[in-house]
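Analysis of the macromolecular model
So the chains spell out like this:
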Amino acid sequence: MKKKGLEYYGDYYYCRKMNDYLREVKFRIGNTWQKDNSIFLRSLQIKDALTSYKWRNNPEVWKHTQNKPDKFITQDMETSWIKGVLKRKNEKRFAICYQGRYIGNIHLSNIHHTRESSAQVHIFIGEPECWGKGIGTTAINLIADYAFKKLKFCILYAAIDRKNAASLKAFEKAKFIYLFDMGNERHLMRVR
Ligand SMILES: CC(C)(COP(=O)(O)OP(=O)(O)OC[C@H]1O[C@@H](n2cnc3c(N)ncnc32)[C@H](O)[C@@H]1OP(=O)(O)O)[C@@H](O)C(=O)NCCC(=O)NCCS
């Protein structure tokens, strides 16, 4: 299946030509300057723990999130955590990749298969130097496309700390609309 700037490969979407979202990035391979703006989601893998355990130990990443690690997370702890979550039937976990590099996680939780199937979206980008480049917005759009078009879901929602300006803006740019505030959290929703 091919769509404008978006190709579907088995279990994940591959996204190129994201000039709407990304600044043009140049990087050097050998002696030639190449351009690569690609962002894609792929299934999360157990070996991703070797990278993501480092992100767990950066408090800056978890500043505005509910699940803050309260101790040092080792590779083994992260590996057994990923093994556990990949077995959950009501979740779908993806790695966010940018320029071929694994940089964060995005997932659907609380998947309810009813007539109006729904799920909650969660995201983090573990590499702070990748923030503010439009990657979060693109990743949310990609998982929404997967949920609405492949899984035929009707509703996606998110609960975000009201102080998390970057996350609120990324979800709003990805067409999530304001529902209500409860305590410190803002609830947003996108329908198919
Ligand atoms: C939240 C997060 C996923 C957003 O991803 P991202 O790639 O940085 O988001 P985007 O670049 O697509 O969009 C962020 C927008 O917020 C803006 N923004 C960033 N920091 C901001 C701030 N402190 N105040 C206001 N706006 C801010 C950016 O300028 C951008 O808007 P623009 O495109 O109009 O310039 C990422 O920052 C992250 O992983 N943060 C740490 C973990 C986290 O908070 N996860 C979310 C839990 S709900």
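Since this is a predicted model, take the numbers as computed values, not measurements.

Section: the overall build of the chain
Scanning the chain for helices and strands turns up five helices and twelve strands. The contacts in the chain between residues at least 6 apart in sequence include a share of 55% that link residues at least 24 apart.

With respect to the packing of helix 4 (residues 135–150) against helix 5 (residues 165–173)
For the pair helix 4 and helix 5, the least separation of the axes is 8 Å and the interaxial angle reads 45 degrees. One finds that helix 4 runs oblique with respect to helix 5. When you trace helix 4 past helix 5, the crossing you get is right-handed. Across from Gly-136, Thr-137 and Ile-140 in helix 4, the residues of helix 5 making contact are Ala-170, Phe-171 and Lys-173. Considering only residue class, the contact of helix 4 with helix 5 consists of three nonpolar, two polar and one charged.

Some thoughts on the site of the ligand
Among the 20 residues in the neighbourhood of the ligand, the closest are listed as Gly-136, Thr-137, Ala-165, Ala-166 and Lys-169. Secondary structure elements with two or more residues in the shell around the ligand: strand 9 (118–125), helix 4 and helix 5. Per-element accounting of the shell around the ligand gives the leading share, five residues, to helix 5. Among the residues making up the shell around the ligand, the classes are represented as ten nonpolar, eight polar and two charged.

Observations concerning the nonpolar core
Within the largest apolar cluster, 39 residues are counted, with the highest numbers of intra-cluster contacts made by Leu-41, Ile-96, Ala-139, Ile-140, Ile-143, Ala-147 and Phe-171. Listing elements by their share of this core, those giving two or more residues are strand 6 (39–43), helix 1 (49–56), strand 7 (92–98), strand 8 (101–112), strand 9, helix 4, strand 10 (155–161) and helix 5. Broken down by element, the residue count for this core peaks at eight residues, all from helix 4.

Some words on the pairing of strand 10
By the alternation rule, side chains of strand 10 split into Leu-156, Ala-158 and Ile-160, which are all buried, and Ile-155, Tyr-157, Ala-159 and Asp-161, of which none is buried. For the crossover that starts at strand 9, traverses helix 4 and ends in the parallel strand 10, the hand is right-handed. As paired strands, strand 10 and strand 12 (residues 185–191) are joined by seven bridges and run antiparallel to one another. Each residue of the ladder has a partner; that of Asp-161, found in strand 12, is Glu-185.

A short note on unusual backbone geometry
For Gln-99, which is not glycine, the phi dihedral falls at a positive 50 degrees. Within the secondary structure, Gln-99 is located in the loop between strand 7 and strand 8. Of the residues examined, Gln-99 has 15 C-beta atoms within 10 Å and is grouped as partly exposed.

Some remarks on the packing of helix 1 against helix 3 (residues 75–86)
Packed helix pairs are characterised by how far apart their axes lie and by the angle those axes make with each other. Where helix 1 meets helix 3, the closest approach of the two axes is 8 Å, and the angle between their N-to-C directions is 110 degrees. Relative to helix 3, the element helix 1 lies roughly perpendicular. The element helix 1 and its partner helix 3 pack so that their crossing is right-handed. Residue-level contacts link Ala-49, Leu-50, Ser-52, Tyr-53 and Arg-56 of helix 1 to Gln-75, Glu-78, Thr-79 and Ile-82 of helix 3. Across the contact of helix 1 with helix 3, the residue classes break down as four nonpolar, three polar and two charged.

Calculation rules
- Residues numbered from 1 in each chain as written.
- Predicted model: local features only at pLDDT ≥ 70, side-chain atom pairs only at ≥ 80, totals over all residues.
- Helix = DSSP H or I, 4+ residues; strand = E, 2+ residues; numbered from the N terminus.
- Contact = placed C-beta atoms within 7 Å.
- Axes fitted to C-alpha atoms, helices over the stretch in contact; angles between N-to-C directions.
- Parallel < 35°, antiparallel > 145°, perpendicular 65-115°, else oblique.
- Left-handed = near helix turned anticlockwise from the far one by under 90°.
- Nonpolar A, V, L, I, M, F, W, Y, C, P; charged D, E, K, R; others polar.
- Near = placed C-beta within 6 Å.
- Core = buried A, V, L, I, M, F, W, Y, C linked by C-beta atoms within 7 Å.
- Buried ≥ 20, exposed ≤ 12 C-beta atoms within 10 Å, placed from the backbone.
- Right-handed = clockwise from strand over helix to strand, strands pointing away.
- Pairing = 2+ DSSP bridges.

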